[in-house]
Amino acid sequence: MTGLIVASFGTLDDRERARTIDAIENDLIAEFPSMMIRAALTSKFIRRKLTERGLKVFSIEERIEELRADCDEIIILPTHLTPGEEYENKILPLASKKIRVLPPMFTTECRTEFDRRALEIVIECFRPSGDEILTLIGHGSPHRHNPVYENLQRLDENICIGVIEPTDRPNFDDVIERLKKFETKKILLAPLLLTGGAHVCEDIADHWFNRLKAGGFDVRVALDGLGSFAAFRRLYIDRLRAV
């Protein structure tokens, strides 16, 4: 028997969790009925808050102990989009002879065919109009530069990417500098995030939106996290099927 742990950062928004994280788990269960599939959250803060609400949630380590007795191999499939601190510090160190850790959605260098296809699907999900510049806002990693965002922009020169985390890049000034090369002032602002919820409503739909509007841009905002799109969720199935 093979066990699969679907590892996500998590969200406190029940609706978002159902339509993104839970939806990914349900898609995988339907696609791989012979595997023992379990969900885990990497954020201690979110696990604590959800437990206080009476919800039963698990860490990756707890899921490993649960599956170890029945499974010859355990695969950890992270839903994290980039190899930031959550992946590097909480997921990757768990790899061992019997525990295989798969990469996040985008690799650091963004040179694989999977990276290219994943970015194409992100763009297709949000469907910018012909005169809009798709400007994606990711989370970023605190106190370290995560080069995956810069490298993603090299895959498609017609998009811009910024981050919420103020200590990471590309920051707001970097995005403005990149936008200068386009003739249009129309922007589709969208989350490069698995879930919507607070980050989208506060950091993107409010903070980034207002700053771009003040800079003279015509801004439209998309609020849906990537996990709400079936085409994007399919990428996790493809990632697992490949191994």
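Below: a short report on this structure. Residue numbers here run from 1 along each chain, matching the order of that chain's written sequence. Where totals are concerned, whole chains, interfaces and linings use all residues; where local detail is concerned, this predicted model gives features only for residues with pLDDT of at least 70, and gives and counts side-chain atom pairs only at 80 or more. Hydrogens and water molecules were not included; the side-chain quantities draw on all heavy atoms of the structure.

1. Quick word on the packing of aromatic side chains
In this scheme Phe, Tyr and Trp rings, the latter by its six-membered ring, pair at centre separations within 6.5 Å, and the angle between planes marks the pair as stacked below 30 degrees, edge-to-face above 60, and tilted otherwise. All chains considered together, the criterion is met by three aromatic pairs. Ring geometry for Phe-126 and Phe-229: centres 5.5 Å apart, planes at 80°, overall edge-to-face. Of this pair, Phe-126 sits in helix 6 (residues 113-126) while Phe-229 sits in the loop between strand 8 (218-221) and helix 10 (230-241), and the two are 103 residues apart along the sequence. When the centroid spacing of 5.9 Å and the interplanar angle of 80° are considered together, the rings of Phe-232 and Tyr-236 count as edge-to-face. On the criterion of helical spacing, the pair formed by Phe-232 and Tyr-236 is a turn pair, its members being four residues apart in helix 10. Each helix is a run of DSSP H or I of at least 4 residues and each strand a run of E of at least 2, with the numbering of both proceeding from the N terminus.

2. Concerning unusual backbone geometry
Arg-169 connects to Pro-170 through a cis peptide bond whose omega is 10°. Among the structural elements, Pro-170 can be located in the loop between strand 6 (159-163) and helix 8 (172-179). If you check the backbone angles, Cys-110 has positive phi at about 55° while not being a glycine. The exposure class assigned to Cys-110 is buried, which follows from its relative accessible area of 2%. Unlike most non-glycine residues, Arg-127 shows phi in positive territory, near 50°. Within the secondary structure layout, Arg-127 lies in the loop between helix 6 and strand 5 (133-138). Classification of residues uses two cut-offs on accessible area relative to the type maximum, computed with a 1.4 Å probe and protein chains only: under 20% is buried, over 50% is exposed, and between them is partly exposed. We classify Arg-127 as exposed; its relative accessible area is 67%.

3. So, the state of the cysteines
Note: disulfide means a covalent bond formed between the sulfur atoms of two cysteine side chains. Note on terminology: pairs of cysteine sulfur atoms within 2.5 Å are recorded as disulfides. Enumeration over the complete set of coordinates arrives at zero disulfides. With no disulfide of its own, Cys-160 lies closest to Cys-110 among cysteine sulfurs, the gap being 16 Å. Here Cys-160 falls in the buried class, since its relative accessible area comes to 0%.

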